[in-house]
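Chains, contacts and geometry: an overview
Spelled out from the first residue to the last, the chains are:
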Amino acid sequence: MTREPAGDAGADDGDSVVYDLASDCTADDLETGRPYLAEINGIVDYGVFVDLSDDVSGLVHESVLEGTFRVGEELVVELETVRDNGDLAFEPVDVEEYELEDVTHEYALTGTGRLDANVGEQIHLEGEVVQVKQTGGPTIFHVADEDGVVPCAAFEEAGVRAYPAVDVGDIVRVTGTPERREGTVQIEVDGLSALDGETEAEARDRLEAALEERAKPHDVEPLIDWPAFEKLRPNLEEVATLLRRTVLEGRPIRVRHHADGDGMCAAVPVQLALERFIAEVHEDDDAPRHLIKRLPAKAPFYEMEDATRDLNFALEDREKHGQQLPLLLMLDNGSTAEDVPAYETLAHYDIPIVAVDHHHPDPEAVEHLLDAHVNPYLHDEDYRITTGMLCVELARMIDPDLGEELRHIPAVAGLADRSKADAMSQYLELAAEEAYDEERLQDVSEALDYAAHWLRYNSGDQLIQDLLELGGVEEAHHRELVSFFADRARADVDDQLEAAMPHVEHEVLESDAHLYRIDVENHAHRFTYPAPGKTTGEIHDRKIQETGDPVITVGYGPDFAVLRSDGVRLDIPRMVSELEEEIPGGGVSGGGHLVVGSIKFVKGKREEVIDALVEKMAAADLDEELSSATPLEN
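Cut-offs applied
Residues numbered from 1 in each chain as written. Predicted model: local features only at pLDDT ≥ 70, side-chain atom pairs only at ≥ 80, totals over all residues. Heavy atoms only, no water. Helix = DSSP H or I, 4+ residues; strand = E, 2+ residues; numbered from the N terminus. Rg over C-alpha atoms; globule rule 2.2 N^0.38 Å. Buried < 20%, exposed > 50% of the residue type's maximum accessible area, 1.4 Å probe, protein only. Contact = heavy atoms within 4.5 Å. Areas by Shrake-Rupley, 256 points an atom, 1.4 Å probe, with all protein chains shown as cover. Lys, Arg positive; Asp, Glu negative; His and termini not counted. Charge placed at Lys NZ, Arg CZ, Asp CG, Glu CD. Core = buried A, V, L, I, M, F, W, Y, C linked by side-chain atoms within 4.5 Å. Pairing = 2+ DSSP bridges. Axes fitted to C-alpha atoms, helices over the stretch in contact; angles between N-to-C directions. Phe/Tyr/Trp six-rings, centres within 6.5 Å; stacked < 30°, edge-to-face > 60°. Salt bridge = Lys/Arg side-chain N within 4 Å of Asp/Glu carboxyl O. Parallel < 35°, antiparallel > 145°, perpendicular 65-115°, else oblique. Left-handed = near helix turned anticlockwise from the far one by under 90°. pLDDT = per-residue confidence, 0-100. Polar contact = N/O pair within 3.5 Å; in protein donor to acceptor, adjacent residues only side chain to side chain. Expected span 1.5 Å × (residues − 1).

1. With respect to the overall build of the protein
Assigned secondary structure in the protein consists of 17 helices and 24 strands. Taking 26 Å as the expected radius of gyration for a compact globule of 634 residues, we find that the protein reaches 34 Å, considerably beyond that expectation. If you line up the protein on its principal axes, its C-alpha atoms span 115 × 55 × 45 Å. For the protein, the proportion of its 634 residues judged to be buried stands at 54%. Sequence separation of at least 24 residues holds for 68% of the intrachain contacts in the protein that already meet a minimum separation of 6. Counting every atom, the protein has about 27,800 Å² of accessible surface; 43% of that belongs to carbon and sulfur. For the protein, the distance from the average position of its 52 positive side-chain charges to the average position of its 142 negative side-chain charges is 10 Å.

2. Brief notes about the nonpolar core
In terms of nonpolar packing, the biggest core is built from 93 residues, with Trp226, Leu243, Leu329, Leu394, Leu448, Leu467 and Leu468 touching the most fellow members. Ignoring sequence-local partners within four residues, the contact set of Trp226 consists of Arg384, Ile385, Met389, Ala421, Ala423 and Tyr427. Membership of the second largest hydrophobic core comes to 29 residues, among which are Leu515, Ile552, Met575 and Met617.

3. Remarks on helix α7 (residues 340-347)
Residues of α7 that are buried: Val340, Ala342, Tyr343, Thr345 and Leu346. Each element contacted by the buried residues of α7 is listed here: α6 (304-321), β16 (327-331), β17 (353-356) and α8 (363-366).

4. With respect to the pairing of strand β15 (residues 292-297)
Counting buried residues along β15, 5 of its 6 residues qualify, which places the element largely inside the surrounding structure. Looking at chain direction, strand β14 (residues 253-258) and β15 are connected through 6 bridges and run parallel. Counted as the bridge partner of Ile253 is Ile292 from β15.

5. Side note on the sheet that holds strand β23 (residues 589-592)
Reading across from one edge, β19-β20-β21-β22-β24-β23 is the order of the 6 strands in this open sheet, with mixed pairing throughout. Either end of the sheet is taken by a strand with one partner, and the two such strands are β19 (505-508) and β23. Across the sheet, the axes of successive neighbouring strands diverge by a mean angle of 15°, strand direction being ignored. Across the sheet, helix α16 (residues 572-582) touches β22 (560-566), β23 and β24 (596-600), and the angle it forms with β23 is around 170°.

6. Things to note about the packing of aromatic side chains
When we look at a pair of aromatic rings, we describe it by the centre distance and by the angle of the planes. Taken as a whole and assessed by the stated rule, the structure comprises 10 aromatic pairs. On the basis of an interplanar angle of 50° and a centroid distance of 6.2 Å, the ring pair of Tyr19 and Tyr36 is categorised as tilted. Within this pair, whereas Tyr19 is found in strand β2 (residues 16-21), its partner Tyr36 is found in strand β3 (residues 36-44), the two being separated by 17 residues in sequence. Each member of the pair, Tyr19 as well as Tyr36, carries the same accessibility label: buried. On the numbers, 5.7 Å between centres and 80° between planes, the contact of Phe484 with Phe485 is edge-to-face. Accessibility expressed as a relative area gives 14% for Phe485, which makes it buried.

7. Looking at the pattern of salt bridges
This model, assessed by the stated rule, comprises 48 salt bridges. With a shortest N-O distance of 3.0 Å, Glu126 and Arg206 are connected by a salt bridge. On the criterion of sequence distance, the pair formed by Glu126 in strand β9 (residues 123-134) and Arg206 in helix α1 (residues 197-214) is long-range, its members being 80 residues apart. Residue Glu126 is classed as buried on the basis of its relative accessible area, which comes to 8%. According to the relative accessible area criterion, Arg206 is partly exposed, its value standing at 31%. Among the salt bridges present, the one from Glu507 reaches Arg517, with a minimum N-O distance of 3.0 Å. Of this pair, Glu507 sits in strand β19 while Arg517 is found in strand β20 (residues 514-519), placing the two residues 10 residues apart along the sequence.

8. Details of the sheet that holds strand β10 (residues 139-144)
With mixed pairing, the 5 strands of this closed barrel are ordered in space as β9-β10-β11-β13-β12. Across the sheet, the axes of successive neighbouring strands diverge by a mean angle of 55°, strand direction being ignored. As paired elements, β9 and strand β12 (residues 171-181) share 6 bridges and run antiparallel to each other. Residue pairing for β12: Ile123 is matched across the bridge by Gly176.

9. So, the side chain of Ser445
You can see Ser445 is positioned in helix α12 (residues 438-455). Note on Ser445: relative accessible area 6%, which makes it buried. Setting aside residues up to four positions removed in sequence, Ser445 forms contacts with Val412, Leu415 and Ala416.

10. Details of the packing of helix α10 (residues 409-416) against helix α11 (residues 424-432)
At a minimum axis distance of 8 Å, the contact between α10 and α11 shows a crossing angle of 130°. Looking at the two axes, α10 sits oblique to α11. Both α10 and α11 take part in a crossing whose hand is left-handed. Where α10 abuts α11, its residues Pro410, Ala411, Gly414 and Leu415 lie against Met424, Tyr427, Leu428 and Ala431.

11. Quick word on the confidence of the model for the protein
For the protein, per-residue confidence averages 92 on the pLDDT scale, and 96% of positions sit at 70 or higher. The model gives residues 5-14 a pLDDT under 50, and that stretch makes 17 contacts with residues more than four places away or in other chains. Throughout residues 626-634 the model reports pLDDT below 50, and contacts reaching past four residues in sequence, or to other chains, amount to 53 contacts.

12. Some remarks on the pairing of β9
Side-chain positions along a regular strand alternate between the two faces of the sheet. With 9 of 12 residues buried, β9 lies mostly within the body of the structure. Taken together, β9 and the strand that follows it, β10, pair antiparallel across an intervening segment of 4 residues.

13. So, the environment of Glu521
Here Glu521 is to be found in the loop between β20 and α15 (532-547). Placed 11 residues apart in sequence, Glu521 and Pro532 show a C-alpha to C-alpha distance of 7.9 Å. Apart from residues lying up to four places away in sequence, Glu521 is in contact with Arg526, Tyr556, Gly557, Pro558 and Phe560. Separated by 3.2 Å, the side chains of Glu521 and Arg526 make a polar contact.

14. Some details on helix α14 (residues 475-500)
Here α14 contains 26 residues, and its C-alpha end-to-end distance of 37 Å stays within 8% of the 38 Å for a straight helix at 1.5 Å per residue. Buried within α14 are the following residues: His478, Leu481, Val482, Phe485, Ala486, Ala489, Asp492, Val493, Gln496, Leu497 and Ala500. As for α14, its buried residues are in contact with α12, α13 (461-467), β20 and α15.

This is the structure in structure tokens:
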């Protein structure tokens, strides 16, 4: 922009460059011999006072001035001298036409990683606003830079939003003083402004590069050498990167997992790893409690009840606490068409979804709704690689220091899901090195199932960690607790089977497979442990001991059936699809693993569905090497 100065200035050959200080520039940004644009803010007998920025002011002495001036008039000046007391003296520059060139303040930035060393001193910080929370006093801006996330308290007046134009996602510059508040560092804000233009773009690029680098997962060697797992490693690294990035961005994470032994062996290690990483990234000690929630799911898929509840809590947290909407992490479920309605509900709010599962998937149904998906079936493996085994490695990629505490967890997960994977022997040996023989592992598995049943929809964080011997619990307390829960579980199973076994119906199918059926609604105790799925599984195990496989066991109620199979090549997801087409009005749905699953139907079609199901099972081929991966879902 070409400007003509006011006042009586002499001519200058050609256009000159005059520098215009940004409002936040200081005297450190001045260079001698450079012309600057100033504005007159006062006139006295001995000269005029001029402002070059909010913080740069000085005097032009009357001895170097010619003509008359008025307040508000622009004047081109250059620095003459800096007096001993810090006052600035300027002199006018004769220019006729000139081009303005902006000068921005060069800040010495202090990253969140160096706040402890600067407590009580004014610092400058640049980062992205990831949360804005209005309290009864100050407004708390959570700002993320290259090193972490820090709360910045800005006070307008009690309960009044400070800097209302600044919102989540803005790149801001904060000037303030780090202070300790209840053991954590918080910045007391002196000034906060949103960056724009080239300054914003440069800051955003710098932050993005740092975030991308820090989000990379740790390169850890797997606990055991297992070629089948290596196929899934790149997918797990992708998920680990996404989860670490989510933490760095200050976004909450909501973990949903199947409420059984394998589901908890999957979810709890990942939860602990994320909590530790959150504590590392955030200055706020309460951040792990607010930014990650683990919740069990009774069904082996994401139910609409759970989805609407999760969405409602997320929207409330956004409204009350200024949080971003969460990332949903599905563990040990989330791969099937039954998950689609719930996923589509969250899609209306652009909530990212990640699934790590080992149930037979429906890729065409769910892939477009997932931001990442790990499942052994996608790599020509199967359910014998349990979700707990996968998630122990995922947790170690997020926080490798957690590794030593998790060495027994894959064996617990494998036994809980009755995995027949070749790697089970290695996992059992690994657990034995931690004083976990197979009997103790079985006890932990039983205790987890028992606790999950009574916890229902509660995560039971501390209890489950104690049962898994995680989180610093004393070994003696852990052993006593596991023994008590496992004994209670077995006693309740014995009581249930004492009532149920006389009502089990038996027949030999044309394939020579043994079929056992029981109406668990009418011939087993209800609303107690074990639930129908577990009851069916326990009956199945006892019948295998009596007759050997091939054995199929079906436990059914008014509108559901649960299935277990050993030695019979069933394909339950395919059977469910066929029944859905063959029985109009049957309302058939369900799924699970190939030889372990559940089916739902309308009550009036029960007999037709069960009869058709038996026909399909009778036609299935026998396979002596095929055996069930998991006890039936509750």
